[in-house]
Structures are given as C-alpha cells and as structure tokens.
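Working through the structure, step by step
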Amino acid sequence: MEEAEQSRCENCIIRQFNSLRAMSKQELKKVSDSKITRKVKKGEAIFEEGDKLDGVFCVREGISKLSKLSANGKDQIVKLASKGEVMGQRSVIAEEYTNLSAVAVSDMEVCFIPKDSIIHTLSRNPDFAIEVLRHMAHDLKEADDVIVNMSQKTVKQRIAEAFLYLKKNYGEDRDGFLNLTLSREDIANVVGTATESAIRIISEFKKRGMIKTSGKKIGVLNEKLLQDLIEGF
C-alpha cells in the first residue's frame, strides 16, 4: 500500500526534476489515475524513431539512451535520459512522429502518461506550459552543444569528455569504475565515431594511465590528464 502511495504522481519526488512540478494537485491526481508504470529491461526499446506516441514517458528508475539513425545506418546517441526526465514530450506536443529512439541502457522503471493529460493541462495551466518550454529549450541548448563538440573537438577530446561526464553525472562504484557501463559501441555512438576507433583510443588512454578497464567497465584514474586533453594541452 505504501509503495502504491509513493508511486502516485502527487507523492512522487521525481516530478521535482521535470515539468510535472508545475501541475496542481488536481491535475497531478488526474495524471496519476491515467498513467501506467512499467518495468523495462536493459536493451529493450521504449519507443523507436518514427513511432507515433500516444503519451510521454517519465523515468522513475534507470537510464535510457536517445539516439537517431544516420544516413549511413549508424546510431548517433544524442543524450542519456535518467531519473526525472520526460521522454517524447516534443513529438507529443508537436503531434509529429518521434525523431529519436529510446532504448534502456540499464533496467528501468518508466511511467507512461497519456497524451490527453498533457495537452489538457498545457491549454489550461500557463505555469506548466512555461515549464515544458523551459525543458524543451534546455534540450535545444544541449543539442547545440553536441553540434559544436562534433565540429570543433577531436574524437579523443570527445571520448575524454564523455568519461568525465559519466563520472560527474552517474558516479563511481566502490572499486572506482563508472556506475554506468556503456558498451564500446555505445561510447562510439555517443561521440560519433567508429567502434574500432573508440576501442583504439580507450586502449591508448589506458596505456597513458588516464583510465583503467575491467571487461566492459571503465574507471577514471587521472581526471587532470583527461581535462588537459579536452582543453588542448
């Protein structure tokens, strides 16, 4: 019973991280009554590029990669969505097919919120509309940063930056390895390079004492060396 109460939107602390925090108690109750919570296994797709979504997905637990298929058939990971993020907001509001795919990179729990609840609240609650705009503007800024990174930084700089980002945002385990383990292919898709290039650079970083590896796991050993590389020293 207590778990059911906590999973209601009114009592969910995760909504503090997203636009749902601007909803009134009554609006949250309506969303909570209509939402569906589901578990997603690592590697499972939440939605695919080109899908027509009937609602948005709020991340309760775990992490998803949002990616776009390029013309040469390679996946480009645009961002990682973690606890509190709402996925599919843009395509639902714009009434367009999804521009990205969302795939779980760890076991997840997501809440599916039907489109009607979102659109209804948008038209009646200006505070909620502003919050949604703010989050979409933030996503646009992140997309701009990705474009600049791709065009102005080398692959080595982008991989170094990815490791520091993962350490800062997702932390390390007790053995000093990154909590979020991405495959070498995913790392390559985050920075926009071939998997072979990513493997070669990871091996070079390891030889230079910047990182350590154990199977798929990666740990940051020398943050300063990585930072110096990013800054071009």
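Starting from 1, residues in each chain are numbered consecutively following that chain's sequence as written. Since the coordinates come from a predicted model, pLDDT governs what is reported: local features require at least 70, and pairs of side-chain atoms require 80 or more to be given and counted, while whole-chain, interface and lining totals use all residues. Processing note: side-chain calculations cover all non-hydrogen atoms of the structure and skip hydrogens and water entirely.

**Description of the state of the cysteines**
Throughout, a disulfide means two cysteine sulfur atoms within 2.5 Å of one another. Counted under the stated rule, the structure contains zero disulfides. Cysteine Cys58 shares no disulfide, and the gap to the nearest cysteine sulfur, in Cys111, comes to 5.8 Å. Exposed residues in this analysis have more than 50% of their type's maximum accessible area, buried residues have under 20%, and partly exposed residues fall in between, with area computed by a 1.4 Å probe over protein chains only. The class for Cys58 is buried, based on a relative accessible area of 7%.

**Examining the sheet that holds strand 4 (residues 64-69)**
As a general point, the strands of a sheet are linked pairwise by backbone hydrogen bonds and lie either parallel or antiparallel. By this definition, two strands are paired if DSSP reports at least two bridges between them. Strands here mean DSSP runs of E at least two residues long; helices mean DSSP runs of H or I at least four residues long; both are numbered from the N terminus. Spatial ordering of the open sheet is given by 2-7-4-5, a layout of four strands whose pairing is antiparallel. This sheet does not close on itself; its edge strands, each paired only once, are strand 2 (45-47) and strand 5 (75-81). Looking at each pair of strands side by side, their axes are set apart by 30° on average, direction ignored. Where strand 4 meets strand 7 (residues 101-104), four bridges bridge the pair, whose relative direction is antiparallel. Looking at strand 7, one finds that Ser67 is bridged to Ser101. The sheet contacts of helix 7 (residues 184-191) involve strand 4 and strand 5, and relative to strand 5 the element is tilted by about 95°. Simply put, an axis is a line fit to the C-alpha atoms, just over the touching stretch for a helix, and the angle between two N-to-C directions goes from 0 to 180 degrees. The contact criterion used is simple: two residues touch if any of their non-hydrogen atoms lie within 4.5 Å.

**A closer look at the sheet that holds strand 1 (residues 36-40)**
Spatially, the four strands line up as an open sheet ordered 1-8-3-6, and their pairing is antiparallel. Two strands bound the open sheet, and with one partner strand each, they are strand 1 and strand 6 (86-87).

**So, the pairing of strand 8 (residues 108-114)**
Counting buried positions over the seven residues of strand 8 gives six, a clear majority of the element. As paired elements, strand 1 and strand 8 share five bridges and run antiparallel to each other. Within the sheet, the bridge partner assigned to Thr37 lies in strand 8 and is Cys111. Strand direction decides the pairing type here: strand 3 (residues 55-61) and strand 8, joined by six bridges, are antiparallel. Paired with Cys58 across the bridge in strand 8 is Cys111.

**A look at helix 4 (residues 115-124)**
Looking at helix 4, one finds that the buried residues are Ser117, Ile118 and Thr121. Within helix 4, the buried residues cover an arc of 95° as seen down the axis, which keeps them to one side. Opposite the buried face of helix 4, by more than 90 degrees, sit the exposed residues Asp116 and Ser123. Lining the buried residues of helix 4 we find helix 2 (25-34), strand 3, strand 8 and helix 5 (126-152). The arc in question is traced by the directions running from the helix axis to the C-beta atoms.

**Structural notes on the UniProt feature "domain: HTH crp-type" (unreviewed entry) in the chain**
UniProt positions are given in the numbering used here, feature names are shortened, and annotations may be inferred rather than shown by experiment. Those residues carrying the UniProt feature "domain: HTH crp-type" (unreviewed entry) are residues 153-224 in this numbering. Along residues 153-224 one finds 54% helix and 11% strand; the C-alpha atoms at either end are 18 Å apart.

**Topic: the nonpolar core**
In these notes, a set of buried Ala, Val, Leu, Ile, Met, Phe, Trp, Tyr and Cys residues joined through side-chain atoms within 4.5 Å is what counts as a nonpolar core. With 29 residues, the main nonpolar core has Ile46, Phe47, Phe57 and Met87 as its most contacted residues. For this core, the secondary-structure elements that each account for two or more residues are helix 2, strand 2, strand 3, strand 6, strand 7, strand 8 and helix 5. Grouped together as the second largest cluster of nonpolar side chains are 27 residues, Ile63, Ile202, Ile211 and Leu229 included.

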